[in-house]
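Chain by chain, the residues run as shown.
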Amino acid sequence: MSKAKAGGDQPVEIPDVLPVLPLRNSVLFPGSIIPIDVGRRKSVRLVEDAIAKERPVIGILTQRDARTEDPSSSDLYTVGCAARILKVIKLAKDNFSVILQGVSRFDVTGFDGNEPFLSAKVRAVPDPTTSDVELDALVMNLKDIAKRVVKLMDAVPKEAGALVDSVTEPGHLADLITSNLELEVAEKQDILETFDIKTRTRKVLQFLSRQLEVLKVRERINTQVQEEMGRNQREYVLRQQLKAIKEELGELDDGGGDLDEFGEKIAKAKMPEEAEKTAKKQFERLKGMQPSSAEYTVTRTYLEWLVELPWSISTEDHIELAEVRRCLDEDHYDLDKVKKRIVEYMAVRKLKDDKKGPILCLVGPPGVGKTSLGRSVARAIGRKFVRISLGGVRDEAEIRGHRRTYVGSLPGRIVQGIKKAGTNNPVFVLDEIDKLGHDFRGDPASALLEVLDPEQNSTFSDHYLEVTFDLSKVMFIATANQLDPIPWALRDRLEIIELPGYTRQEKKMIARAFLVPKQLEEHGLGHDKCEITDDAVFEVIDSYTREAGVRNLEREIGSTCRAVAVKVAEGNAKEHEVIGVDEVREYLGPTKYVSEVADRTSEPGVATGLAWTAVGGDILFIEATKMPGKGKLTLTGQLGDVMKESVTAALSFVRSRAAALGLDPGNFLENVDLHVHVPAGSVPKDGPSAGVTMYTALVSLLTGHPVRPDVAMTGEITLRGNVLQIGGLKEKLLAAHRAGIKRVIIPERNVKDLIDVPDEVKKEIEIHSVKRMDEVLALALTDPPQGIKDLAAQAAAEANA
């Protein structure tokens with residue numbers, strides 16, 4: 001057992017074995033008094049056990065990692081401080097506030113148990129009382145720097161300097177200063193473990209000197225800031241005095257600089273009364289503001305937006321209809337519906353010049369020219385062109401703008417586009433309107449309701465401007481790939497014009513007139529160096545692209561031009577390169593698309609249907625097979641509920657016609673299972689229009705008669721045997737034409753839609769309309785049996801009757 005002093009108190013006996021209280025994020029030094037909160041189970045048990053004794057002494061060891069909740073002996077440093085418990089306050093159950101006073105360093109010689117709390121065998125390490133000249137000098141330096149630090153630290157009371165002077169023992173002085181310095185736990189622990197007083201004092205002197213330098217730098221920074229603030233205040237006073245002097249002399253430049261220009265710009269802008277009143281009010285506020293204030297910048301930016309908007313600037317329309325038609329035909333092939341609508345609008349403008357702008361929506365697959373058509377319309381009617389992409393826009397403020405209370409606020413993209421155009425009647429293209437999103441920041445589609453409503457957009461209000469702007473003169477053209485994602489309220493405000501895909505011949509004409517010249521020019525070739533034959537263009541269309549538009553066609557033509565450019569650059573080209581079919585195959589590699597119709601329909605049970613997709617029409621194969629079983633029907637190919645029901649309806653109709661089809665009505669399904677599959681299994685499929693194809697595939701399978709390889713069909717079926725109308729006929733027939741189909745079976749009710757189908761398609765495809773399902777088999781099957789022919793003749797007679 002050892003004895004040690006605690007400050008000026010009587011010596012405290014330190015037992016050879018001490019209960020150990022782990023300490024987090026702190027180090028206790030001899031002579032220091034600190035409060036700690038005790039809440040861990042073992043620590044609470046230790047405190048309860050200690051306060052039961054008279055003048056309790058415990059050991060304090062710092063944890064190596066403060067995050068350890070239940071530290072063991074290996075988690076603690078081995079040098080600590082014996083402490084006397086001065087006071088214990090119970091805060092709650094199993095929670096104490098304990099005030100400790102450090103007594104003496106100790107070194108752990110071994111741990112003596114872990115339950116109910118840690119105990120350790122210790123060896124007290126009191127500070128020696130020796131003194132010499134070097135130590136005295138170190139102590140004097142330490143006291144001097146400490147007092148200078150106290151003067152620079154505003155939070156430390158000035159009496160702390162006197163406290164430093166009153167400490168006579170070098171070890172106690174070093175410990176006192178270290179306990180009050182802002183050091184890392186590891187640095188404080190290093191001081192605690194330094195038993196030699198000279199070494200300890202030197203270390204503390206280093207830390208204290210570092211603290212003094214930091215405080216000096218902080219003081220210098222504070223002085224600079226104060227000087228800067230004083231200079232700004234002085235400049236403000238001088239400016240006010242200068243303003244008063246100029247006022248007396250009658251030389252006051254109101255607002256200074258270029259503010260007078262705002263008054264002229266407000267007058268020239270010819271704003272509506274409400275906007276002009278707001279602009280003048282903000283202008284008067286601006287003249288009374290200091291240029292250095294934040295509000296000055298906000299108000300000035302707002303005024304700049306107001307005066308720079310084209311409130312009364314319009315472009316004059318080209319109202320000569322022949323010229324409008326010529327411009328439209330120069331830029332785009334076909335697209336007669338859109339061209340007709342633009343010419344109609346310009347004809348009305350010629351008769352009534354205050355006619356509001358139309359709000360069109362061009363819907364069609366990618367690559368058919370929807371976006372470029374807007375630029376062409378602007379050129380044809382002599383207006384400025386503005387385009388914004390709405391794909392992925394989720395914030396309503398993108399349309400209406402942010403309110404000026406927000407930092408960095410701006411008007412919405414509609415007003416920004418009008419300012420960019422410089423006129424109040426541009427052609428404004430809203431690209432990808434079907435790809436708008438919405439989230440917690442609002443619904444931009446709802447914000448567009450006002451923009452695209454002819455009855456409301458004459459008083460469009462942007463959140464930033466807070467005054468109305470007339471959008472009724474703007475010609476809005478929206479583009480979309482499909483109508484379904486557009487909210488019904490927004491769709492109701494749009495004049496929908498559908499742009500279907502192009503035929504093979506139309507693609508050739510577009511390539512010849514637009515794409516080939518453009519790519520030759522972009523690759524530095526020109527007509528004198530390179531020529532692409534019609535056969536080469538058809539080869540690219542048929543074997544390297546399969547799309548409704550012409551985007552990939554242009555890309556592949558560009559690839560062939562690059563290949564020729566390489567030959568020209570290397571000096572291996574002829575004087576006039578001609579790109580034919582063989583050159584296309586050489587430059588573009590193996591063909592990407594081949595006709596699968598003949599191979600896929602060469603056996604019974606396989607039929608070709610037609611489908612509508614967002615990127616145009618496509619052909620759809622229906623495969624049916626049978627195997628020994630018990631009449632089970634299996635459907636695969638990621639089919640939707642409606643398509644599954646079409647298969648069930650088709651099978652039920654087959655059973656009702658079994659005898660006429662040459663099948664045993666009683667048991668033709670008794671010993672077989674049927675499996676219907678639609679290839680491209682990763683693509684979801686749905687809709688009723690494949691009903692006729694399902695029925696044909698099942699009959700082909702069960703009768704053993706293959707479907708003709710050049711036949712495709714579409715139509716919804718009923719249990720009564722009727723073939724009902726379907727949608728997207730034009731796109732489906734274009735897909736059949738691209739795939740090389742020669743005969744297409746359609747519902748009779750869709751005959752009226754053939755007016756929209758290009759003449760080229762109607763000439764090259766044999767189109768048959770049917771009213772009853774019995775008529776389909778005779779047209780679709782190869783060598784149909786007599787029973788099927790009789791059913792078809794009977795159905796045709798009933799239809800004619």
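Nothing here was measured: the structure is a model prediction, and the numbers come from that model.

Draft legend 1. Representation of the overall build of the protein within the structure. A tally of regular secondary structure across the protein gives 27 helices and 26 strands. Computed over the C-alpha atoms, the radius of gyration of the protein is 45 Å, more than 25% above the 28 Å expected from 2.2 N^0.38 for a compact globule of 801 residues. For the protein, the spread of C-alpha atoms along the three principal axes comes to 125 × 100 × 65 Å. For the protein, the residues scored as buried account for 46% of the 801 residues in total. A separation of at least 24 residues holds for 72% of the contacts in the protein among residues at least 6 apart in sequence. Surface exposure of the protein reaches about 40,200 Å², of which carbon and sulfur atoms provide 50%. If the 111 positive side-chain charges of the protein are averaged to one point and the 126 negative ones to another, these points end up 2 Å apart.

Draft legend 2. Inspection of helix α19 (residues 551–570) at higher detail. In a regular helix each residue adds 1.5 Å, so 20 residues correspond to 28 Å; α19 covers 29 Å between its end C-alpha atoms and thus fits that length. Among the residues of α19, those classed as buried are Leu553, Glu554, Glu556, Ile557, Gly558, Thr560, Cys561 and Val564. Those residues of α19 that are buried lie in contact with α17 (504–522), β16 (530–532), α18 (534–543), β17 (577–579) and α20 (581–588). Gly571 sits one or two positions beyond α19 and adopts a positive phi of about 80 degrees.

Draft legend 3. Geometry of the nonpolar core. Core analysis: the biggest nonpolar cluster contains 52 residues, and Leu430, Ile433, Leu448 and Leu452 have the highest contact counts within it. Considering every element that reaches this core, the biggest residue donor is helix α9 (residues 294–308), with six residues. Ignoring anything within four residues of it in the chain, the contact list for Leu452 reads Ile359, Leu430, Ile433, Phe476, Leu490, Arg493 and Leu494. Val338, Leu362, Ala378 and Tyr502 belong to the second largest nonpolar core, which has 47 residues in total.

Draft legend 4. Main features of the pattern of salt bridges. Taken as a whole and assessed by the stated rule, the structure comprises 47 salt bridges. Two residues, Asp175 and Arg200, come together in a salt bridge whose shortest N-O distance is 3.5 Å. You can see Asp175 sitting in helix α4 (residues 170–180) and its partner Arg200 sitting in helix α6 (residues 197–249), a full 25 residues away along the chain. Judged by relative accessible area, Asp175 falls into the buried class, the value being 1%. Between Arg379 and Asp331 there is a salt bridge, with the nearest N and O atoms lying 3.1 Å from each other. Linking Arg379 in helix α12 (residues 370–381) with Asp331 in helix α10 (residues 321–331), this pair joins segments that are 48 residues apart in sequence. Judged by its relative accessible area of 38%, Arg379 falls in the partly exposed class. Classification of Asp331 by relative accessible area gives partly exposed; the value is 26%. Linked by salt bridges that have partners in common, Glu323, Arg326, Glu330, Asp331 and Arg379 make up one network.

Draft legend 5. Region of the structure containing the side chain of Lys507. As for its placement among the helices and strands, Lys507 is situated in helix α17. Despite its burial, Lys507 remains without a salt bridge, the nearest opposite charge being carried by Glu547 at 5.1 Å. Excluding residues within four positions of it along the chain, Lys507 makes contact with Tyr502, Ile541, Glu547, Ala548, Gly549, Val550, Leu553 and Arg738.

Draft legend 6. How the structure looks around the confidence of the model for the protein. Here the protein averages 84 in pLDDT, and 95% of its residues register 70 or above. Strand β25 (residues 743–747) holds the highest mean pLDDT among the elements of the protein, 94, whereas helix α21 (residues 597–600) holds the lowest, 53. Residue range residues 253–257 is modelled with pLDDT below 50. Its contacts to residues more than four positions away, or to other chains, number five contacts.

Draft legend 7. How the structure looks around the environment of Leu701. Here Leu701 lies in helix α23 (residues 691–703). Using a relative accessible area of 10% as the deciding quantity, one classes Leu701 as buried. Sequence separation between Leu701 and Ile359 is 342 residues, and the spatial gap between their C-alpha atoms is 52 Å. Once you skip the residues sitting within four places of it in the chain, Leu701 turns out to touch Pro604, Gly605, Ala624, Thr625, Lys626 and Leu674.

Draft legend 8. The arrangement of the packing of α17 against α18 in detail. As a packed pair, α17 and α18 sit with axes 10 Å apart at the nearest point and diverge in direction by 125 degrees. Considering their axes alone, α17 and α18 lie oblique with respect to each other. In terms of crossing hand, the pair formed by α17 and α18 is right-handed. Contacts from Arg504, Gln505, Lys507, Lys508, Ala511 and Arg512 in α17 reach Asp534, Val537, Phe538, Ile541 and Asp542 in α18.

Draft legend 9. Spotlight on helix α1 (residues 41–51). Those residues of α1 not exposed but buried are Lys42, Ser43, Val44, Leu46, Val47 and Ala50. For α1, the secondary structure elements touched by its buried residues are β3 (17–23), β4 (33–38), β5 (57–62), β6 (79–92) and β7 (95–111).

Draft legend 10. Expanded view of a nonpolar patch on the surface. A cluster of nonpolar side chains, Val217, Ile221, Val225 and Met229, forms an exposed patch at the surface whose accessible area comes to about 320 Å². As for its position among the elements, Met229 is in helix α6. Met229 sits in the partly exposed class, given a relative accessible area of 44%.

Draft legend 11. Expanded view of the environment of Asp542. Here Asp542 is to be found in helix α18. Using a relative accessible area of 31% as the deciding quantity, one classes Asp542 as partly exposed. Between the C-alpha atoms of Asp542 and Gln211, which are 331 residues apart in sequence, the distance is 81 Å. When sequence neighbours within four positions are dropped, the list of residues in contact with Asp542 reads Arg504 and Tyr593.

Draft legend 12. Structural context of the pairing of strand β9 (residues 359–363). Of all five residues in β9, five are buried, a share of seventy percent or more. On β9, burial covers both faces: Ile359, Cys361 and Val363 on one face and Leu360 and Leu362 on the other are all buried. As paired elements, β9 and strand β14 (residues 475–480) share five bridges and run parallel to each other. Across the sheet, residue Cys361 finds its bridge partner in β14, namely Ala478. Pairing of β9 with strand β15 (residues 495–498) involves four bridges; the strand directions are parallel.

Reading the values: the criteria
- Residues numbered from 1 in each chain as written.
- Predicted model: local features only at pLDDT ≥ 70, side-chain atom pairs only at ≥ 80, totals over all residues.
- Heavy atoms only, no water.
- Helix = DSSP H or I, 4+ residues; strand = E, 2+ residues; numbered from the N terminus.
- Rg over C-alpha atoms; globule rule 2.2 N^0.38 Å.
- Buried < 20%, exposed > 50% of the residue type's maximum accessible area, 1.4 Å probe, protein only.
- Contact = heavy atoms within 4.5 Å.
- Areas by Shrake-Rupley, 256 points an atom, 1.4 Å probe, with all protein chains shown as cover.
- Lys, Arg positive; Asp, Glu negative; His and termini not counted.
- Charge placed at Lys NZ, Arg CZ, Asp CG, Glu CD.
- Expected span 1.5 Å × (residues − 1).
- Core = buried A, V, L, I, M, F, W, Y, C linked by side-chain atoms within 4.5 Å.
- Salt bridge = Lys/Arg side-chain N within 4 Å of Asp/Glu carboxyl O.
- pLDDT = per-residue confidence, 0-100.
- Axes fitted to C-alpha atoms, helices over the stretch in contact; angles between N-to-C directions.
- Parallel < 35°, antiparallel > 145°, perpendicular 65-115°, else oblique.
- Left-handed = near helix turned anticlockwise from the far one by under 90°.
- Patch = residues over 30% accessible without salt bridge, like charges linked within 9 Å, V, L, I, M, F, W, Y side chains within 5 Å.
- Pairing = 2+ DSSP bridges.

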